[in-house]
Amino acid sequence: MTETTEEPNLPNGGTADAEQMEELQEEVELLREQNQEMEEKLLDANAEKNRVEQKLDRVTRENEKLKQNPLFIATVEEVTDDGVIVRQHGNNQEALTEITEELREDLEAGDRVTINNQLAVVDKIDAETDARAQAMHVDASPDVTYDEIGGIENQMQEVRETIEMPLEDPEQFNAVGIDPPSGVLLHGPPGTGKTMLAKAVANQTDATFIKMAGSELVHKFIGEGAKLVRDIFEVAREEEPAVLFIDEIDAIAAERTDSKTSGDAEVQRTMMQLLSEMDGFDDRGDVRIIAATNRFDMLDDAILRPGRFDRLIEVPKPDVSGRENIFQIHAAGMNTEDLDYNELAAMAESASGADIEAICTEAGMFAIRDSRTTVTMQDFKDAHAKIRDANAEEGAEQNNVDDISRPSAFA
Ligand SMILES: Nc1ncnc2c1ncn2[C@@H]1O[C@H](COP(=O)(O)OP(=O)(O)OP(=O)(O)O)[C@@H](O)[C@H]1O
């Protein structure tokens, strides 16, 4: 059969129809091309969408990571077009850091913010968080070890028994059927290693170290003390196992005076909250309390009542062999020459551990000033004389204001 190419015989003329058909075909072709283009664009858009989603995912994860990094506190110095200038607390380091538009609108000079390791602003601190941050210091892994503490072996043993055992082997107490000890009170002159002891126990037991500063609680945040105490115990429970170190407990738990000022009422409220938290032992979880004071004589009997602290441990200034030990600890990392530790210990009579640390650092400074890299016995002697004189001067000034809790009484 042969195919015919003849135009069909249509009523309104074959040529016009053929043209129309051609136009339609062209239109179909055009639509096909457009469709093809659209499909390609759709593919591209899908690929782009995947890329953006992956990027978003990465940025979200980075953001989470940044937020998890240790946070530091800083004050906004200035808000500029390029970002904000912040000053980190503690080391006073200043940095210009970029911020989101949202944060920029919210920030002004003087605001306190949290910043991460890269000094990027994470968030503005509201007044409540601010009070918490100042009154409480949380250290997930303190790095002090027992062998860095010298001259207070008996005290260390007692603290270990009371705090370490219940944290490391709570089952033993259950099995015997007694409540594990709740805490200890360390008392003694400043700079004798009370804080170190608490940190070392937390380190040894892999517990979080939470420090609450008694004086900050009642002096800085009037009206907030009781609530802060509650918050801090709550944080401790969340972070268990935890060692809660209450420094300067005398600021909260001083004996009641007769004066009826509003400040006293505030201290009272804070103390009542502290007592009730300490008594609520059953739901305290794996939280052990170590409190410290330089003013044992001032404490209210209520805080010393049995059941609140299991042991009252005096941490005195080191004796001569303790001092020798502490000199060895602090000079261990120094490049020294012919040190006579015996002589150093005898020389630094009535120095505290903190004084000895200061002598070692100052001895190093003498060597540096003299462009030497080796620290000699003479440097230690000069350092001792310098620090003793400075302390004596400071002591005289402090005596004028009758403050017995001055940093050092050595001399
Ligand atoms: N027994 C010690 N052995 C070694 N170093 C010590 C000792 N006591 C104090 N130091 C040094 O002094 C520094 C301060 O000590 P620490 O903060 O533990 O004293 P503290 O008793 O808690 O003082 P404060 O009552 O003033 O808070 C320590 O970081 C450490 O370098």
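Here the structure is a predicted model, which is why all the values come from computation and not from measurement.

Chemist: I tried to follow the overall build of the protein chain on my own but got confused; where do I start?
Modeler: Within the protein chain one finds 14 helices and 11 strands. Residue pairs in contact within the protein chain that sit at least 24 positions apart in sequence constitute 70% of those at least 6 positions apart. Surface accessibility of the protein chain: about 24000 Å² in total, with carbon and sulfur atoms responsible for 47%.

Chemist: When you look at the nonpolar core in this model, what are you seeing that I'm missing?
Modeler: Side chains that are nonpolar tend, in soluble globular proteins, to be buried together. Among the nonpolar cores identified, the biggest contains 29 residues, and Met 212, Leu 244, Ile 246, Ile 249, Leu 274 and Ile 303 are the most heavily contacted of them. Listed by contribution, the elements that provide at least two residues to this core are strand S8 (208–213), helix H8 (225–238), strand S9 (242–247), helix H9 (262–279), strand S10 (287–293) and helix H10 (301–304). Considering every element that reaches this core, the biggest residue donor is H8, with 6 residues. Contacts of Ile 249, omitting those with residues within four sequence positions, involve Leu 185, Leu 274, Ala 291, Ala 292, Thr 293, Leu 299, Ile 303 and Phe 309. Core analysis: the next-biggest nonpolar cluster, separate from the first, contains 23 residues, Ile 152, Ala 198, Phe 209 and Val 315 among them.

Chemist: What is the right way to read the site of the ligand from this model?
Modeler: In the region of the ligand, 17 residues are neighbours, and Gly 150, Gly 191, Lys 194, Thr 195 and Glu 357 sit closest. The separation between an oxygen atom of the ligand and a polar main-chain atom of Met 196 is 3.0 Å. Contacts to the ligand include His 330, whose side-chain N or O atom sits 2.9 Å from a nitrogen atom. For the ligand, the accessible surface in isolation is 620 Å², of which the surrounding protein chains cover 80%. Counting only elements with at least two residues in the shell around the ligand, the list comes to helix H6 (194–204), helix H11 (320–331) and helix H13 (353–369). Partitioned by chemical class, the residues of the shell around the ligand number 5 nonpolar, 8 polar and 4 charged. When we break the shell around the ligand down by domain, the ones giving at least three residues each are domain 2 (136–314) and domain 3 (320–400).

Analysis parameters
Residues numbered from 1 in each chain as written. Predicted model: local features only at pLDDT ≥ 70, side-chain atom pairs only at ≥ 80, totals over all residues. Heavy atoms only, no water. Helix = DSSP H or I, 4+ residues; strand = E, 2+ residues; numbered from the N terminus. Contact = heavy atoms within 4.5 Å. Areas by Shrake-Rupley, 256 points an atom, 1.4 Å probe, with all protein chains shown as cover. Core = buried A, V, L, I, M, F, W, Y, C linked by side-chain atoms within 4.5 Å. Buried < 20%, exposed > 50% of the residue type's maximum accessible area, 1.4 Å probe, protein only. Near = heavy atom within 4 Å. Polar contact = N/O pair within 3.5 Å; in protein donor to acceptor, adjacent residues only side chain to side chain. Nonpolar A, V, L, I, M, F, W, Y, C, P; charged D, E, K, R; others polar. Domains from an automatic or database assignment.

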